[in-house]
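# Examining the three-dimensional arrangement
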Amino acid sequence: MGSKGKARQIAQQAGLPIVPGTEGGITTVEEALEFTNRIGYPVMIKASAGGGGRGLRVVRSDQELRENMEVAAREALAAFGDGSIFIEKYIERPHHIEFQILGDKPVSYTHLTLPTSDLV
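Notes on the structure in this doc start here.

## Considering the environment of G15
Looking at the secondary structure, you find G15 in the loop between α1 (4–13) and α2 (29–39). For the pair G15 and H95, spaced 80 residues apart in sequence, the C-alpha separation works out to 21 Å.

If you want it as structure tokens, here you go:
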């Protein structure tokens, strides 16, 4: 799911709970401030494409948002060829569990997970 926006949309359509975030890309500081004033800080500025922490910034104030939005967009553009960003509520001390689903339409599917001892 290279597009985080598309992944969020699919999760919502499937009825899954998701962290509050912008519906699409944010292009101006004004849009970002409007959103963060509704949901509160802290938030993450995230690259819409890619991953691995590139184009990601945690911000805790309007001033930090202003300082980091353009930096995150430039980093996302350099890393992924796409400078679009979105904003998502930052969850302090989350527990991260990741799994991969593999399939060959329409017959077989499987999943890969880490053993629970690795989820410390």
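## Some details on the side chain of T36
Along the chain, T36 turns up in helix α2. A polar contact is formed between the side chain of T36 and the side chain of Y41, at a distance of 3.3 Å. Setting aside anything within four residues of it in sequence, one finds T36 in contact with Y41, V43, D62, L65 and I87.

## Observations concerning the pairing of strand β1 (residues 43–47)
Among the 5 residues in β1, 5 count as buried, and that is most of the element. Alternating positions in β1 separate into two faces, V43, I45 and A47 on one and M44 and K46 on the other, with burial throughout. Taken together, the 3 bridges between β1 and strand β2 (residues 57–59) define a ladder with antiparallel strand orientation. Residue pairing across strands places V43 opposite V59, the latter belonging to β2. Both β1 and strand β3 (residues 85–89) contribute to a ladder of 5 bridges, which runs antiparallel. Bridge assignment links A47 to a residue of β3, and that residue is I85.

## Quick look at the packing of α2 against helix α3 (residues 62–80)
Close contact between α2 and α3 brings their axes to 10 Å; oriented N to C, the two are set at 145°. Considering only the axes of α2 and α3, their crossing is right-handed. Residues V29, A32, L33, T36 and N37 of α2 touch α3, and the partners they reach there are D62, L65, R66 and M69.

## Some points on the nonpolar core
Core analysis: the biggest nonpolar cluster contains 12 residues, these being I26, A32, L33, F35, V43, I45, V59, L65, M69, A72, I85 and I87. Looking at this core, the elements that each hand over two or more residues are α2, β1, α3 and β3. The residues contacting I45, other than those within four sequence positions of it, are G55, L56, R57, V59, L65, N68, M69, A72, I85 and F86.

## Quick notes on the pairing of strand β4 (residues 99–104)
In this structure, β4 lies alongside strand β5 (residues 108–113), joined through 6 bridges in antiparallel fashion. Bridge pairing links Q100 to L112 in β5. The turn linking β4 back onto β5 is made up of 3 residues.

## Notes on the side chain of E88
Residue position: E88 is located in strand β3. A polar side-chain atom of E88 sits 2.9 Å from a polar atom in the side chain of R8. With sequence-adjacent residues up to four places away left out, E88 is seen in contact with R8, V19, P20, G21, V43, M44 and K46.

Reading the values: rules and limits
- Residues numbered from 1 in each chain as written.
- Predicted model: local features only at pLDDT ≥ 70, side-chain atom pairs only at ≥ 80, totals over all residues.
- Heavy atoms only, no water.
- Helix = DSSP H or I, 4+ residues; strand = E, 2+ residues; numbered from the N terminus.
- Polar contact = N/O pair within 3.5 Å; in protein donor to acceptor, adjacent residues only side chain to side chain.
- Contact = heavy atoms within 4.5 Å.
- Buried < 20%, exposed > 50% of the residue type's maximum accessible area, 1.4 Å probe, protein only.
- Pairing = 2+ DSSP bridges.
- Axes fitted to C-alpha atoms, helices over the stretch in contact; angles between N-to-C directions.
- Left-handed = near helix turned anticlockwise from the far one by under 90°.
- Core = buried A, V, L, I, M, F, W, Y, C linked by side-chain atoms within 4.5 Å.

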